[in-house]
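# Per-entry structural report
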Amino acid sequence: MVNFVLTIFLGWTGYARFRKGQIGLGILWLFTCGCFCVGWIVDIVGAYKEYKSSSVSSAPASVRMDMQFYDVVSDFHTKVVGVTFKNDDGTDRQKIISGCVPGQDIIFRPTPTKKYPEAIGVFTTKGKQLGNVNAELASDLIHKYPNNKMKATISDITGGGDKNYGCNLHVVIYKA
């Protein structure tokens, strides 16, 4: 909520861009009054979406999917790990993440290795790997929720500029 309110009042100064580590864009916003107010409005909408996605009820909810109702058994946020590595096909995860946006759908797919036999990769809907979920979450997804429907979306892209990009996810797991 605080970030949303600050973006409304300070967005024209580049507040949201500086907060995300996008220094160059922050300076542009500062000298162009939020990129002639268009960028400011985009930042307000992004801050609102971030606020709504982080406002999670502690009580289980019911969600309608495919004309059926599913009870929510777990609703949480997590970080994608391994975002600085290259993919097996040579693609740069940092470059892929820089093109992602909050609210974008994500797919989990098994990516076992000898060292990490229960690894679960985090992929865009176009099949580009962003990284992996952490080992503890991967084990939970495999052993506690093997047949559950899930919905995963990007909740925030962090870093940028002179810092590495990071990716935070919002994950909802439904009763099997």
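Along each chain, residue indices are assigned from 1 in the same order as the chain's sequence is written. Thresholds applied to this predicted model are a pLDDT of at least 70 for local features of residues and 80 or more for the giving and counting of side-chain atom pairs; totals over whole chains, interfaces and linings are not thresholded and use all residues. Based on all heavy atoms of the structure, the side-chain values leave hydrogens and waters out of the count.

This part is about the pairing of strand β6 (residues 150-160). Burial analysis of β6 places eight of its eleven residues in the buried class, which makes it a mostly covered element. Any two strands with at least two DSSP bridges between them are considered paired. A run of DSSP states H or I qualifies as a helix once it reaches four residues; a run of E qualifies as a strand once it reaches two. Both are numbered from the N-terminal end. Pairing of strand β3 (residues 105-110) with β6, which is carried by two bridges, proceeds in the antiparallel orientation. Paired with Asp105 across the bridge in β6 is Thr153. Summarising the sheet, β6 and strand β7 (residues 163-174) pair through nine bridges and their orientation is antiparallel. The residue bridging Asp156 from the neighbouring strand is Asn168, located in β7. Here β6 folds back onto β7, and the loop between the two strands holds two residues, one of which, Gly161, carries a positive phi near 65 degrees. Burial here depends on accessible area, computed with a 1.4 Å probe over protein chains only, as a share of the maximum for the residue type. Under 20% is buried, over 50% is exposed, and the range in between is partly exposed.

Moving on to the side chain of Ser74. For Ser74, the position within the fold is in strand β2 (residues 68-79). By definition in these notes, contact holds between two residues if any of their heavy atoms fall within 4.5 Å. Setting aside anything within four residues of it in sequence, one finds Ser74 in contact with Tyr145, Val171, Val172 and Ile173.

Right, let's talk about the pattern of salt bridges for a bit. A pairing counts as a salt bridge when a side-chain nitrogen of Lys or Arg comes within 4 Å of a carboxyl oxygen of Asp or Glu. Throughout the structure, instances matching the rule amount to four salt bridges. The closest approach of N and O atoms between Arg17 and Asp43, which form a salt bridge, is 2.7 Å. Taken as a pair, Arg17 in helix α2 (residues 15-19) and Asp43 in helix α5 (residues 38-54) lie far apart in primary sequence, 26 residues in all. The class of Arg17 is buried, set by a relative accessible area of 13%.

Let us now look at the nonpolar core. Membership of the largest hydrophobic core comes to 22 residues, with the highest contact counts inside it found for Ile106, Phe108, Val122, Leu130, Ile154, Cys167 and Leu169. For this core, the secondary structure elements donating two or more residues are α6 (93-98), β3, β4 (120-124), α7 (135-143), β6 and β7. Considering every element that reaches this core, the biggest residue donor is β7, with four residues. Those residues in contact with Ile154, other than ones at most four positions away along the chain, are Cys100, Val101, Pro102, Gly103, Gln104, Ile106, Leu130, Cys167, Asn168 and Leu169. Buried Ala, Val, Leu, Ile, Met, Phe, Trp, Tyr and Cys residues that are joined via side-chain atoms within 4.5 Å together make up what is termed a nonpolar core.

So, about a nonpolar patch on the surface. Candidate patch residues must exceed 30% relative accessible area and have no salt bridge, after which like charges are joined if within 9 Å and Val, Leu, Ile, Met, Phe, Trp or Tyr side chains if within 5 Å. Accessible areas in this description were obtained via Shrake-Rupley with a 1.4 Å probe; residue shielding takes into account the shown protein chains only. Side chains of Met1, Val2, Val5, Leu6, Phe9 and Leu10 sit close together on the surface and give an oily, nonpolar patch of about 570 Å² of accessible area. Here Val2 lies in helix α1 (residues 2-10). You can call Val2 exposed: its relative accessible area is 61%.

Time to look at the pairing of β4. Counting buried positions along β4 yields five of five residues, so the element is predominantly enclosed. Going residue by residue along β4, you find Ile120, Val122 and Thr124 tucked away on one face and Gly121 and Phe123 tucked away on the opposite face as well. Pairing of β3 with β4, which is carried by five bridges, proceeds in the antiparallel orientation. Within β4, the position partnered with Ile107 by the bridge is Phe123. Pairing of β4 with strand β5 (residues 129-132) involves three bridges; the strand directions are antiparallel. Paired with Gly121 across the two strands is Asn132, which belongs to β5. What sits between β4 and β5 in their antiparallel hairpin is a turn of four residues, with Gly127 showing a positive phi close to 85 degrees.

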